[in-house]
Amino acid sequence: MFEWSDFITAFWAFFVLLPLVALIHQVGHYLMARLFGGRSEIILGRGKLLFKVGTIKVNRFYFLDSFCHYESLKVNNRFSHILVHGGGVLLNLLSLILINTLIIVNILPETQLFYQFGYFTIYYMFFSIFPVQYSKEHASDGKQMINIFRRYSPSNNLD
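Described in the following lines is the structure provided in the data block. (Residues numbered from 1 in each chain as written. Predicted model: local features only at pLDDT ≥ 70, side-chain atom pairs only at ≥ 80, totals over all residues. Heavy atoms only, no water.)

### As for the overall build of the chain
What the chain contains, in helices and strands, is 4 helices and 2 strands. Mapped from its N terminus to its C terminus, the chain presents α and β elements in the order α-β-β-α-α-α. Along the three orthogonal principal directions, the C-alpha set of the chain runs to about 55 × 40 × 30 Å. The buried share among the 159 residues of the chain stands at 35%. (Helix = DSSP H or I, 4+ residues; strand = E, 2+ residues; numbered from the N terminus. Buried < 20%, exposed > 50% of the residue type's maximum accessible area, 1.4 Å probe, protein only.)

### Overview of a nonpolar patch on the surface
Taken together, Tyr115, Tyr119, Tyr123, Phe126, Phe127, Phe130 and Tyr134 make up a surface patch of nonpolar side chains, about 810 Å² in accessible area. Take Phe126: it is sitting in helix α3 (residues 112-129). On the basis of relative accessibility, which here comes to 46%, the residue Phe126 falls in the partly exposed class. (Patch = residues over 30% accessible without salt bridge, like charges linked within 9 Å, V, L, I, M, F, W, Y side chains within 5 Å. Areas by Shrake-Rupley, 256 points an atom, 1.4 Å probe, with all protein chains shown as cover. Salt bridge = Lys/Arg side-chain N within 4 Å of Asp/Glu carboxyl O.)

### Considering the nonpolar core
If you look at the biggest cluster of nonpolar residues, it comprises 12 residues: Ala13, Leu17, Leu18, Val21, Ala22, Ile24, Ile99, Ile103, Phe114, Phe117, Phe120 and Tyr124. Elements supplying a minimum of two residues to this core: α1 (6-35), α2 (78-104) and α3. Sort the elements by how many residues they give to this core and α1 lands first, with 6 residues. Among residues more than four places away in sequence, those in contact with Tyr124 are Leu18, Val21, Ala22, His25, Gln26, Ser66 and Asn92. (Core = buried A, V, L, I, M, F, W, Y, C linked by side-chain atoms within 4.5 Å. Contact = heavy atoms within 4.5 Å.)

### Observations concerning the environment of Ile148
By the element assignment, Ile148 lies in helix α4 (residues 141-151). Sequence separation between Ile148 and Tyr119 is 29 residues, and the spatial gap between their C-alpha atoms is 29 Å.

### Looking at unusual backbone geometry
Apart from glycine, the bulk of residues carry a negative phi angle, and the bulk of peptide bonds sit in the trans form. Positive phi, normally seen in glycine, also occurs at Ser72, with a value near 55 degrees. When you line up the elements, Ser72 lands in the loop between β2 (56-71) and α2. The backbone of Asn106 sits at a positive phi, close to 60 degrees, despite the residue not being glycine. What makes Asn106 exposed here is its relative accessible area of 67%.

### A word on the packing of α1 against α2
It is at 7 Å that the axes of α1 and α2 come closest, and there the two elements cross at 135 degrees. Judged by the angle between their axes, α1 and α2 are oblique. Handedness of the crossing formed by α1 with α2: right-handed. On α2, the residues that touch Val21, Ile24, His25, Val27, Gly28, His29, Leu31, Met32 and Ala33 of α1 are Leu83, Val84, His85, Gly87, Gly88, Val89, Leu90, Leu91, Asn92 and Ser95. (Axes fitted to C-alpha atoms, helices over the stretch in contact; angles between N-to-C directions. Parallel < 35°, antiparallel > 145°, perpendicular 65-115°, else oblique. Left-handed = near helix turned anticlockwise from the far one by under 90°.)

### Focus: the packing of aromatic side chains
Going through the model one piece at a time under the given rule, you end up with 11 aromatic pairs. Both rings, one in Phe14 and one in Phe120, keep their centres 5.8 Å apart while their planes meet at 65 degrees; by these two values the pair is edge-to-face. Of this pair, Phe14 sits in helix α1 while Phe120 sits in helix α3; the two residues are 106 residues apart in sequence, bridging distant segments of the chain. With a relative accessible area of 43%, Phe14 lands in the partly exposed category. For Phe120, a relative accessible area of 8% gives the class buried. With centroids separated by 4.9 Å and ring planes inclined at 85 degrees, the aromatic side chains of Phe126 and Phe127 adopt a geometry described as edge-to-face. Take Phe127: its relative accessible area is 40%, and that puts it in the partly exposed class. Stacked on the ring of Phe149, the Lys or Arg Arg78 has its end atom at 5.2 Å from the ring centre. (Phe/Tyr/Trp six-rings, centres within 6.5 Å; stacked < 30°, edge-to-face > 60°. Lys NZ or Arg CZ within 6 Å of the ring centre and 35° of its normal.)

Structure (structure tokens):
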């Protein structure tokens, strides 16, 4: 049963852990884009810009959404674009494996915090991979990877 004391847990989950999982996901895209020689930026949230650190922009409603915009890949082929779109899930998976490993070897304690981190990580990975077209301009990473696999040609710049 959800009790008043659970509001503190929910607060941490939605305003700290979920944005952290989103940031890890976007860093995965960012790193893959950089690996293939592209330019990239990360945007956390919606609304007016709160602050910017390097290529990371944090907006007022930082917990609502996140994006990674990339362009001009020097290695511009089907494989590189698919890996850029899959980079978020890969880094989420690596973070989950790392946390679980640290718990198994008793470096980190088995706590509700890490359970929620794992839960949100799985949630984020699932909805990222699930191939759906959210709007005319926005598709999930899974849908983007399918589109790239179907439509890519060297003359079709996907940036």
